[in-house]
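Structural overview
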Amino acid sequence: MHAFLAAALTTAAAAVPAAGIPVTCTGTAPVVCHADVAPGNYRISVTLGDAGVRAEARRMVVAEGTSGHRTFGVNVRDPEGEPTKTGSGTPGLTLTFTGAAPVVRHLRIRPAPPRTPMLYLAGDSTVCDQDTFPYTGWGQAIPQHLRGVTVANYADSGESAGSFLTDPLLFDTMRPLLRRGDVVLIQFGHNDKTTTAADYRANLTALVAGVRAGHARPVLVSPPVRRIFDSTGVLTPVARHVNGLGVDLPAEMASLAAELQVPYIDLTADSAALVESLGPTDSQPLYLYRELRDNTHFSEYGADEIGKLVLSRLIAEGLMH
């Protein structure tokens, strides 16, 4: 470790008040810092030089190349990635400072105030905190674009709205944490390939009702498209989530959102516009097509682009600033 960096980190640790949390940091590029804390929400303040910050399971909390003072929140869970992957990550809070020569000074970790604004995510593998590179959920990318809001990502690979309801590690674990004013994004559809329209609507209705019971604000989000083009360069109905029973899942979600008076983000339409504007070749980097011939899951770049589509709609709805 460079002498300057070691001194800076030592000073930061010594400056934490008695009620603060000790931090141990190692390495130079990246610098990895760990605090032995229980699950919960934490506020981190740090002064950076030409660095990005990843928290826990590859969550992007500060953009690469940042310099200056930053304050951000991190939700610590066990497991730290997908809720059903027992043993994911390590106990406590891990922060990774990235860059060719990241400078880290005045790092301080404290428990977050009780009324910290929260954004909860309920969804599938296109949303979740993916442990394994290059897979990346858009929920891992959006924290870096938020100020004063902590993201708690309960999305999980392979889930439909129905399975998210029935697995006790998912909705039943997330729901008691909800508080008045929290926002909960609900995105399902990729794994509803054989779900009837009635069941799809019933499962989404139950999720909305559960969120409202916690006085939080549900937002229905239609699934982002798969990268499947027809011979004319247009995305197919399958890409747009018309399932094997002929159910147009985004249309059902839009109709239900209007019926329940729930904000609706048409991520299917927004992502389709992005993918089709790029075309069959230039859209490949959004997904893991070049690495794995995967037309469903996102690269880090793609997850960030999809996440920005979600955030732009949240801002337009007045749910985020």
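Bear in mind the structure is a predicted one, so any value in this text is a computation, not a measurement. (Residues numbered from 1 in each chain as written. Predicted model: local features only at pLDDT ≥ 70, side-chain atom pairs only at ≥ 80, totals over all residues. Heavy atoms only, no water.)

**Side note on empty space enclosed by the protein**
- Tallied over the full model, the rule gives 1 cavity of 30 Å³ or more.
- In this model, the largest cavity occupies a volume close to 40 Å³.
- Around the largest cavity sit Ala 55, Arg 59, Val 61, Gly 73, Val 74, Asn 75, Pro 143 and Val 151, which together line it.
- Of all the elements, strand E4 (residues 59–76) adds the most residues to the lining of the largest cavity, at 5 residues. (1 Å grid on protein atoms, 1.4 Å probe; cavity = no way out; pocket = protein on both sides within 12 Å on 5 of 7 lines; lining within 4 Å. Points joined across faces, edges and corners; volume = space filled by probe spheres on them. Helix = DSSP H or I, 4+ residues; strand = E, 2+ residues; numbered from the N terminus.)

**As for the state of the cysteines**
- All chains considered together, the criterion is met by 1 disulfide.
- Between Cys 25 and Cys 33 runs a disulfide, and the two sulfur atoms are separated by 2.1 Å. Handedness here is read from the sign of the S-S torsion; for Cys 25 and Cys 33, about 115 degrees, the answer is right-handed. (Disulfide = S-S within 2.5 Å.)

**Quick notes on helix H7 (residues 267–282)**
- An ideal rise of 1.5 Å per residue puts 22 Å on 16 residues; H7 reaches only 20 Å between its terminal C-alpha atoms.
- Along its length, H7 shows its largest kink, about 55 degrees, at Glu 276, and proline Pro 280 lies within four residues downstream of that point.
- Leu 267, Thr 268, Asp 270, Ser 271, Ala 272, Leu 274, Val 275 and Gly 279 are the residues of H7 that are buried.
- Where H7 is buried, its residues meet helix H2 (138–141), strand E10 (217–221), helix H6 (249–260), strand E11 (264–265), strand E12 (287–288) and helix H9 (300–316). (Expected span 1.5 Å × (residues − 1). Bend = angle between axes of the 7 residues up to and from the residue. Buried < 20%, exposed > 50% of the residue type's maximum accessible area, 1.4 Å probe, protein only. Contact = heavy atoms within 4.5 Å.)

**Topic: the layout of surface pockets**
- Roughly 400 Å³ of internal volume is contained in the largest pocket.
- Around the largest pocket, the lining is made up of 22 residues, and of these Asn 41, Asn 75, Tyr 120, Tyr 154 and Leu 177 lie nearest the centre.
- Listed by contribution, the elements that provide at least two residues to the lining of the largest pocket are strand E3 (40–55), E4 and strand E7 (118–122).
- Taken together, the residues of the lining of the largest pocket sort by class into 12 nonpolar, 5 polar and 5 charged.
- Taken as a whole, the second largest pocket spans an internal volume of roughly 200 Å³.
- Contributing to the lining of the second largest pocket are 16 residues, with Pro 117, Val 149, Leu 319, Met 320 and His 321 lying nearest its centre.
- Of the residues that constitute the lining of the second largest pocket, the class distribution is 7 nonpolar, 4 polar and 5 charged. (Nonpolar A, V, L, I, M, F, W, Y, C, P; charged D, E, K, R; others polar.)

**What about the UniProt feature "domain: SGNH hydrolase-type esterase" (unreviewed entry) in the protein?**
- In the UniProt entry, the feature "domain: SGNH hydrolase-type esterase" (unreviewed entry) is given for residues 123–302.
- The annotated region residues 123–302 carries 37% helix and 12% strand content, and the separation between its end C-alpha atoms amounts to 17 Å. (UniProt positions renumbered as here; feature names shortened; annotations may be inferred.)

**Focus: the packing of H7 against H9**
- The geometry of H7 relative to H9 is characterised by a closest axis approach of 10 Å and an angle of 130 degrees between their N-to-C directions. With respect to their mutual orientation, H7 and H9 come out oblique. As for how H7 packs across H9, the hand of that crossing is right-handed. Here Leu 267, Asp 270, Ser 271 and Leu 274 of H7 come into contact with H9, specifically with Glu 305, Ile 306, Leu 309, Val 310 and Arg 313.
- For the contact of H7 with H9, the class distribution of residues is 5 nonpolar, 1 polar and 3 charged. (Axes fitted to C-alpha atoms, helices over the stretch in contact; angles between N-to-C directions. Parallel < 35°, antiparallel > 145°, perpendicular 65-115°, else oblique. Left-handed = near helix turned anticlockwise from the far one by under 90°.)

**Things to note about the pattern of salt bridges**
- The final tally for this structure, using the stated rule, is 13 salt bridges.
- In this structure, Arg 59 engages Asp 129 in a salt bridge whose closest nitrogen and oxygen atoms are separated by 3.0 Å. With a gap of 70 residues between them, Arg 59 in strand E4 and Asp 129 in the loop between E7 and H2 connect regions that are remote in the sequence.
- A salt bridge links Lys 308 to Glu 305; the shortest N-O distance between them is 3.0 Å. With Lys 308 and Glu 305 both in helix H9, this residue pair falls 3 residues apart, about one helical turn.
- The structure contains a network of salt bridges with shared partners spanning Arg 54, Arg 58, Glu 64 and Glu 300. (Salt bridge = Lys/Arg side-chain N within 4 Å of Asp/Glu carboxyl O.)

**Quick notes on the packing of aromatic side chains**
- A full pass over the atoms with the stated rule returns 4 aromatic pairs.
- With a centroid separation of 6.2 Å and an interplanar angle of 50 degrees, the aromatic rings of Phe 164 and Phe 171 are classed as tilted.
- By relative accessible area, Phe 164 is classed as buried at 0%.
- Accessibility expressed as a relative area gives 2% for Phe 171, which makes it buried.
- Consider the rings of Phe 164 and Phe 188, whose centres lie 5.3 Å apart with planes at 50 degrees: the pair is tilted. (Phe/Tyr/Trp six-rings, centres within 6.5 Å; stacked < 30°, edge-to-face > 60°.)

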